[in-house]
Amino acid sequence: MRLRLTNSNNAAFLLRASFALYVGAAAASAPACWGGDETAPPPAAQDAASDQDIAERLTRAYPGIVKGVDSGGVIFADGTRLPLHDGKGDRSFAAWLSDPDIADMFALAYPPGHMSAPPRNFDPGRARNAAFFKKVYGDCAAGGVTPALVDVIWLPKKAGQVLKVTSVNGVAKRLAAISAELDELPADFDGFLWPAAGTYNCRDIAGTKTPSAHGYGIAIDIAVQHASYWRWSGAKGDAAPAYRNEVPMEIVRVFEEHGFIWGGKWSHFDTMHFEYRPELLTPVGGLQPGADAAGSAASGAPAQ
Ligand SMILES: [Zn+2]
């Protein structure tokens, strides 16, 4: 299925976002900062990743889990496949968001680093193909996620809070690394960092029948007292209200460097929400996505 973009501002934004992603991938030392940079040259025109690009991203981000992509779809290590394209054609944003195919997850390039308020219906990473995530992490409603959950100590120095996240694909190790970095931030940041509001939770997204990323054990909510959520901010129907955010970019940058996207990059903003989506980010510095993932599911607990 393809996302039908009817707003020309969105198309222009996508070009800038794609360019930012390109710059972010190329510059290993610093995230791209593109907010307000109207003079940036356009990238090669594209409003969605190619099938080859998707194949490379998936095999890199889910090592030992996704083997590749061919004409039959996404190939998993156990030999099963899921379709890359569902052939449903153009649909409205709402229909697209509620039932995206795997290729749709790449339709909006996630822009790492600084950004200004996202334009209408720019929600990179918010579309999740449920079959793909259930295949990778399990179906929480069927008890398929809890066997892989392990403890991560959130901010051992500041808070020592025990969180449950999945060990599949190295997620717990990633979050432990994020926790260790955030633990070193000055006390000014404490109110944004803890207590964390939740990680694993087998539920649908509020107001939808779409499984939440929290049900796969790959998401964390922080800074509830500073959170801005589009549904809490006077939304009418599915139209997002004016963008708001209080979460400092210093925190966002640490998450992004370890492959976690931020809900504050969405026009339907959820600024307390982060989730592990290494297929959408090329981490700058630090870990490569999935580099130590092969043994993580078997080894259980993260480093700490
Ligand atoms: Zn969340």
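The preceding data block contains the structure.
Along each chain, the written sequence defines residue order, and numbers are assigned to residues from 1. With the structure being a predicted model, the display of local features is reserved for residues of pLDDT at least 70 and the display and counting of side-chain atom pairs for 80 or more, all residues being used for whole-chain, interface and lining totals.

1. Concerning the sheet that holds strand β10 (residues 273–276)
Strands belonging to one sheet form pairs held by backbone hydrogen bonds; the direction of such a pair is parallel or antiparallel. Here, strands pair whenever DSSP counts at least two bridges between them. A run of H or I in DSSP becomes a helix once it reaches four residues, and a run of E becomes a strand once it reaches two; helices and strands are each numbered from the N terminus. Spatially, 3 strands are ordered β8-β10-β9 in an open sheet, and the strand pairing comes out antiparallel. The sheet is open, and its two edges are formed by β8 (219–221) and β9 (260–262), each paired on a single side. In this sheet, neighbouring strand axes are inclined to one another by 20 degrees on average, regardless of whether the strands run parallel or antiparallel. Angles run from 0 to 180 degrees between N-to-C directions of axes, and those axes are lines fitted to C-alpha atoms, restricted for helices to the stretch in contact.

2. Observations concerning the sheet that holds strand β2 (residues 66–70)
Read from one edge of the open sheet, 3 strands run β2-β3-β4, paired in antiparallel fashion. Of all strands in the sheet, those with a lone pairing partner are β2 and β4 (81–82), marking the two edges. The pairing of β2 with strand β3 (residues 73–76) spans 4 bridges and is antiparallel. Opposite glycine 68, over in β3, you have isoleucine 75 as the bridge partner.

3. Points about the environment of valine 224
Looking at the secondary structure, you find valine 224 in the loop between β8 and α7 (249–257). Spatially, the C-alpha atom of valine 224 lies 7.9 Å from that of alanine 196, the residues being 28 residues apart in sequence. For valine 224, the contacting residues outside a window of four places in its chain are Ala197 and Met272. Here, residues touch in the contact sense if the C-beta positions derived from the backbone fall within 7 Å of one another.

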